[in-house]
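Listed below are the residues making up each chain.
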Amino acid sequence: MNQLIPKIILASKSPRRQELLRLMDMEFEVVLRDVDESYPDGLTPQEVAVYIARKKAEAFDGTINDEVVLTADTIVCVDGLILGKPETPAHAVEMLQMLSGKVHLVVTGVCLFYKQQYNSFFDVSEVFFRKLSLDEISSYVAQYNPLDKAGSYGIQERIGLIGIEKINGSYTNVVGLPTEKLYAQLINLNK
């Protein structure tokens, strides 16, 4: 554990974010708050991700003392459209068909709430998907049920292993938390 980093309250039920923090040897506790994840029209994908991450952090204002609240929001953007989490398996198939054979952006907005200060940042990765067949997409959706994932896929799951040709940017950002940028921000909190 890094003694320079305060205890983290992770405001996310994402098992992927929890695993990334564990791999970083971070001490954390999961605490959830219900937050409306809507956002104003006209924002860029980067602004949307940061806006939602900050809204999640604001839900902890007045309830936290010495810990740092870590919130994040990951979105997928293709052809100018922001893809959130799918509502149904059919919607997941539709989203993956939109990503098939194209390059898309994965944007993760992060907010650190510490000592009544909000520190927000984001990371962007380009993901190149090969052309996927309907059978590949349908079997993935049926087996992995990706309704909790932006863009309907997890890079660490089968679809990522067979479908992603390359990434420009951070792999962990695509998983859901840009760990290198996060670590740099955390070690600078008390400076």
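Note on numbering: residues in each chain are counted from 1, in written sequence order. Only residues with pLDDT of at least 70 are given local features in this predicted model, and only at 80 or more are side-chain atom pairs given and counted; all residues enter the totals for whole chains, interfaces and linings. Excluding hydrogens and water, the side-chain values take into account all heavy atoms of the structure.

Colleague: Can you walk me through the pattern of salt bridges in this structure?
Modeller: Where charged atoms from two side chains of opposite charge approach closely, those side chains can pair. Each salt bridge in this description consists of a side-chain nitrogen of Lys or Arg and a carboxyl oxygen of Asp or Glu lying within 4 Å of one another. The tally for this structure, following the rule as stated, stands at 12 salt bridges. When the shortest N-O distance is used, the salt bridge between Glu29 and Lys7 registers 3.2 Å. In this pair, Glu29 is assigned in strand 2 (residues 28–30) and Lys7 in the segment before strand 1 (8–10), connecting sequence segments 22 residues apart. With a 1.4 Å probe rolled over the protein chains alone, any residue whose accessible area is under 20% of its type maximum counts as buried; one over 50% counts as exposed, and the rest are partly exposed. Glu29 sits in the partly exposed class, given a relative accessible area of 37%. For Lys56, the salt bridge goes to Glu37, with nearest N and O atoms at 3.9 Å. Of this pair, Lys56 sits in helix 2 (residues 45–58) while Glu37 sits in the loop between strand 2 and helix 2, placing them 19 residues apart in sequence. Classification of Lys56 by relative accessible area gives buried; the value is 12%. A helix here means a DSSP run of H or I that spans at least four residues, while a strand means a run of E at least two residues long, and both kinds are numbered starting from the N terminus.

Colleague: Even after reading the chapter, I still don't get the packing of aromatic side chains, so can you show me in this structure?
Modeller: Centre-to-centre distance and the angle between the planes together describe a pair of aromatic rings. Two rings from Phe, Tyr or Trp (for Trp, the six-membered ring) form a pair when their centres sit within 6.5 Å of each other. Planes less than 30 degrees apart are called stacked, planes more than 60 degrees apart edge-to-face, and all others tilted. Here the structure, examined in full by the defined rule, presents 3 aromatic pairs. Relative to Tyr153, the ring of Phe129 has its centre 5.1 Å away and its plane inclined at 80 degrees; by these criteria the two rings are edge-to-face. Of this pair, Phe129 sits in strand 6 (residues 117–129) while Tyr153 is found in the loop between helix 4 (134–144) and helix 5 (158–163), placing the two residues 24 residues apart along the sequence. Assessed through its relative accessible area of 3%, Phe129 is described here as buried.

Colleague: Looking at this structure, I do not really get the nonpolar core. What am I missing?
Modeller: Leu70, Leu112, Tyr153, Leu182 and Leu186 are the most contacted members of the largest nonpolar core, which has 40 residues in total. Here, residues are in contact when the closest pair of their heavy atoms is within 4.5 Å. The residues contacting Leu70, other than those within four sequence positions of it, are Ile8, Ile9, Leu10, Ala11, Leu21, Val110, Cys111, Leu112, Leu177 and Leu182. Residues Ile9, Ile64, Val69 and Cys111 belong to the second largest nonpolar core, which totals 9 residues. Note on terminology: a nonpolar core comprises buried Ala, Val, Leu, Ile, Met, Phe, Trp, Tyr and Cys residues joined through side-chain atoms within 4.5 Å.

Colleague: Is there a simple way to think about helix 1 (residues 15–23) in this case?
Modeller: Helical geometry note: an α-helix holds 3.6 residues per turn, so side chains three or four residues apart project in the same direction. Turning to helix 1, its buried residues number three or more, namely Arg16, Arg17, Gln18, Leu20 and Leu21. Residue Asp25 follows helix 1 closely and has a positive phi angle near 60 degrees.

Colleague: How do you make sense of the packing of helix 3 (residues 89–99) against helix 4 when you look at a structure like this?
Modeller: Angular values range over 0 to 180 degrees, each being the angle between N-to-C directions of two axes fitted as lines to C-alpha atoms, with helices fitted over their stretch in contact. The N-to-C vectors of helix 3 and helix 4 enclose an angle of 140 degrees; their axes lie 10 Å apart at closest approach. One element, helix 3, and the other, helix 4, form an angle in the oblique class. Crossing handedness for the pair helix 3 and helix 4: right-handed. Contacts between helix 3 and helix 4 pair Pro89, Ala92, Val93, Leu96 and Gln97 from the former with Leu134, Ile137, Ser138, Tyr140 and Val141 from the latter. Residue polarity follows a fixed list, in which Ala, Val, Leu, Ile, Met, Phe, Trp, Tyr, Cys and Pro are nonpolar, Asp, Glu, Lys and Arg are charged, and the others, Gly among them, are polar. Class assignment of the residues belonging to the contact of helix 3 with helix 4 gives a composition of 8 nonpolar, 2 polar and no charged. Each angle receives one of four descriptions, namely roughly parallel if under 35 degrees, roughly antiparallel if over 145, roughly perpendicular if within 65 to 115, and oblique otherwise. For any pair of crossing helices, the crossing counts as left-handed if the nearer helix is rotated counterclockwise from the farther one by less than a right angle, and right-handed if it is rotated clockwise.

Colleague: Looking at this structure, how should I read the layout of surface pockets?
Modeller: Regions of empty space are outlined by a rolling probe, equal in size to a water molecule, passed over the atoms. A pocket, in this scheme, is an open set of points on a 1 Å grid over the protein atoms alone with protein on both sides within 12 Å along at least 5 of 7 lines, while a cavity is a set where a 1.4 Å probe fits but cannot get out; residues line either one if an atom lies within 4 Å of a point. Grid points are joined across faces, edges and corners, and a volume is the space filled by probe spheres set on the points. Taken as a whole, the largest pocket spans an internal volume of roughly 820 Å³. Lining the largest pocket are 37 residues, with Arg17, Glu37, Lys56, Asp73 and Lys85 positioned closest to its centre. Elements represented by at least two residues in the lining of the largest pocket include exactly helix 1, helix 2, strand 3 (68–78), strand 4 (81–83) and helix 6 (171–175). Element by element, the count of residues in the lining of the largest pocket is highest for strand 3, at 5 residues. Considered class by class, the residues forming the lining of the largest pocket number 19 nonpolar, 7 polar and 11 charged.

Colleague: Looking at this structure, how should I read the environment of Val107?
Modeller: By the element assignment, Val107 lies in strand 5 (residues 103–114). When its relative accessible area of 0% is taken as the criterion, Val107 is described as buried. For the pair formed by Val107 and Val124, sequence separation is 17 residues and the distance between their alpha carbons is 4.6 Å. For Val107, the contacting residues outside a window of four places in its chain are Pro45, Gln46, Ala49, Asp73, Thr74, Ile75, Asp123 and Val124.

Colleague: Is there a simple way to explain unusual backbone geometry in this structure?
Modeller: Note: most peptide bonds trans; most residues except glycine with negative phi. Located in the positive-phi region is Asp79, a residue other than glycine, with phi close to 50 degrees. Assignment of secondary structure puts Asp79 in the loop between strand 3 and strand 4. By relative accessible area, Asp79 is classed as exposed at 59%. Positive phi, close to 65 degrees, is recorded for Gln116, a residue that is not glycine. Given the relative accessible area of 45%, Gln116 is considered partly exposed.

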